[in-house]
Amino acid sequence: MTKRRCNYCNAEITEGRSDKKFCNAHCRSAFQYMLNISREPFYQKVKKALQVNRKIMKKYNLAGFASTRAATLTAEGFNPRFTTHSWKNSKGEEYKFIFEFGFLEFQSAGKTKYKLIMWQEYMN
Ligand SMILES: [Zn+2]
């Protein structure tokens, strides 16, 4: 017979029903807790952050080209750490993209600003 081990602490289960998965109630609830946390894994969090970022980009980039204060976007929930890809122009400036919406951080009059652009065919 194969040894049964607790799904949570990995201790050997020596008693109880043959389908027993945890050594005790504590391990069972600790495992459930862990499971619930992992139901919103990293992928889901990133996906959500990208969706929020894209929505905000879309809102502020109506003309396909715009410039806005970083603080304005941050206040709406924009997080510049979550991007999908990047593109460097001929000046070596690196735009970060959230799908089709790109932004470039720059300083102007002591304020952090974003230049907003749309993804173009030539950027491939
Ligand atoms: Zn256990």
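Below you will find a few notes about this structure. (Residues numbered from 1 in each chain as written. Predicted model: local features only at pLDDT ≥ 70, side-chain atom pairs only at ≥ 80, totals over all residues.)

Notes on the overall build of the chain
- A tally of regular secondary structure across the chain gives 3 helices and 7 strands.
- Starting at the N terminus and walking to the C terminus, you meet the elements of the chain as β-β-α-α-β-α-β-β-β-β.
- A globule of 124 residues ought to have a C-alpha radius of gyration of about 14 Å, yet the chain, at 24 Å, is considerably larger.
- Taking the principal axes of the C-alpha coordinates as reference, the chain spans close to 70 × 30 × 25 Å.
- Looking at the chain as a whole, 15% of its 124 residues qualify as buried. (Helix = DSSP H or I, 4+ residues; strand = E, 2+ residues; numbered from the N terminus. Rg over C-alpha atoms; globule rule 2.2 N^0.38 Å. Buried ≥ 20, exposed ≤ 12 C-beta atoms within 10 Å, placed from the backbone.)

Digging into the environment of Lys-55
- With respect to the helices and strands, Lys-55 occurs in helix 2 (residues 42-60).
- Assessed through the 15 C-beta atoms surrounding it within 10 Å, Lys-55 is described here as partly exposed.
- Residues Lys-55 and Pro-41, spaced 14 residues apart in sequence, show a C-alpha to C-alpha distance of 22 Å.

Describing the pairing of strand 5 (residues 94-98)
- By the bridge criterion, 4 bridges tie strand 4 (residues 85-88) to strand 5 in an arrangement that is antiparallel. Looking at strand 5, one finds that Ser-86 is bridged to Lys-96.
- The turn linking strand 4 back onto strand 5 is made up of 5 residues, and Gly-92 within it adopts a positive phi angle of 85°.
- Relative to strand 6 (residues 101-108), strand 5 runs antiparallel, the two being bridged by 3 bridges. Looking at strand 6, one finds that Ile-98 is bridged to Phe-101.
- Here strand 5 folds back onto strand 6 in antiparallel fashion, the turn holding 2 residues, of which Phe-99 has a positive phi close to 60°. (Pairing = 2+ DSSP bridges.)

Looking at unusual backbone geometry
- In this structure, Asn-10 is a non-glycine residue whose phi angle is positive, near 70°.
- When you line up the elements, Asn-10 lands in the loop between strand 1 (4-5) and strand 2 (12-13).
- Assessed through the 9 C-beta atoms surrounding it within 10 Å, Asn-10 is described here as exposed.
- Positive phi, normally seen in glycine, also occurs at Phe-99, with a value near 60°.
- One can find Phe-99 in the loop between strand 5 and strand 6.
- According to the C-beta neighbour criterion, Phe-99 is partly exposed, with 15 such atoms within 10 Å.

What to know about the nonpolar core
- Core analysis: the largest hydrophobic core is formed by 13 residues, its most contacted members being Ile-56, Met-57, Tyr-60, Leu-73, Phe-101, Phe-103 and Leu-116.
- Of all elements in the fold, only helix 2, strand 5, strand 6 and strand 7 (111-118) reach the threshold of two or more residues within this core.
- In this structure Phe-101 touches Arg-54, Met-57, Lys-58, Asn-61, Leu-116 and Met-118, once residues within four positions along its chain are discounted. (Core = buried A, V, L, I, M, F, W, Y, C linked by C-beta atoms within 7 Å. Contact = placed C-beta atoms within 7 Å.)

A look at the sheet that holds strand 4
- With antiparallel pairing, 5 strands are arranged side by side in an open sheet as 3-7-6-5-4. Two strands bound the open sheet, and with one partner strand each, they are strand 3 (65-69) and strand 4. Strand-to-strand twist of the sheet, defined as the mean angle between neighbouring strand axes without regard to direction, takes the value 30°. (Axes fitted to C-alpha atoms, helices over the stretch in contact; angles between N-to-C directions.)

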